[in-house]
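Observations on chain architecture
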Amino acid sequence: MVKYINHLVPADHIAVVIGYLHKLLPVPERVMKPKDLLFSCMTHDIPVLLIVPKSDHEAARDVLGEAKGYVELVDLAELYQAVLAKVS
């Protein structure tokens, strides 16, 4: 299923959202922040896992701003286990 992340609702039965950090960062010309892009996930308690190398987790938290407390940063090597923990 392909759907704009800000249009997710509970009826979509999405268990978890997974993405790369660079896909969540807004385009420089726009005033949207990561929190704005994840609004629907936050509203409907849909977990968000962002794939970021473990060595970059601290820098990633800095760029995530207000969204850093909501998302879980996951190294690609640990993604499978993190997804299982969210959906089971």
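Residues numbered from 1 in each chain as written. Predicted model: local features only at pLDDT ≥ 70, side-chain atom pairs only at ≥ 80, totals over all residues. Heavy atoms only, no water.

A few words now on the pairing of strand 2 (residues 48-51). Side-chain alternation along strand 2 places V48 and L50 on one buried face and L49 and I51 on a second face that is also buried. The sheet contact formed by strand 1 (residues 17-20) and strand 2 spans 4 bridges and is parallel. Bridged to G19 within strand 2 is L50. Note that strand 2 and strand 3 (residues 72-74) share 3 bridges and pair parallel. If you follow L50 over to strand 3, its bridge partner there is L73. Between the parallel elements strand 2 and strand 3, the chain passes through helix 4 (residues 57-64) in a crossover that is right-handed. (Buried < 20%, exposed > 50% of the residue type's maximum accessible area, 1.4 Å probe, protein only. Helix = DSSP H or I, 4+ residues; strand = E, 2+ residues; numbered from the N terminus. Pairing = 2+ DSSP bridges. Right-handed = clockwise from strand over helix to strand, strands pointing away.)

The next thing to look at is a nonpolar patch on the surface. A cluster of nonpolar side chains, Y80, L84 and V87, forms an exposed patch at the surface whose accessible area comes to about 300 Å². Within the element layout of this structure, Y80 appears in helix 5 (residues 79-87). (Patch = residues over 30% accessible without salt bridge, like charges linked within 9 Å, V, L, I, M, F, W, Y side chains within 5 Å. Areas by Shrake-Rupley, 256 points an atom, 1.4 Å probe, with all protein chains shown as cover. Salt bridge = Lys/Arg side-chain N within 4 Å of Asp/Glu carboxyl O.)

Turning next to the sheet that holds strand 3. Overall, parallel pairing links the 3 strands, which are arranged 1-2-3 in an open sheet. The open sheet is flanked by strand 1 and strand 3, the only strands paired with a single partner. Within the sheet, the average angular offset between the axes of one strand and its neighbour, ignoring direction, is 30°. Across the sheet, helix 4 touches strand 2 and strand 3, and the angle it forms with strand 3 is around 145°. With respect to the sheet, helix 5 is in contact with strand 1, strand 2 and strand 3, its orientation differing from that of strand 2 by roughly 175°. (Axes fitted to C-alpha atoms, helices over the stretch in contact; angles between N-to-C directions. Contact = heavy atoms within 4.5 Å.)

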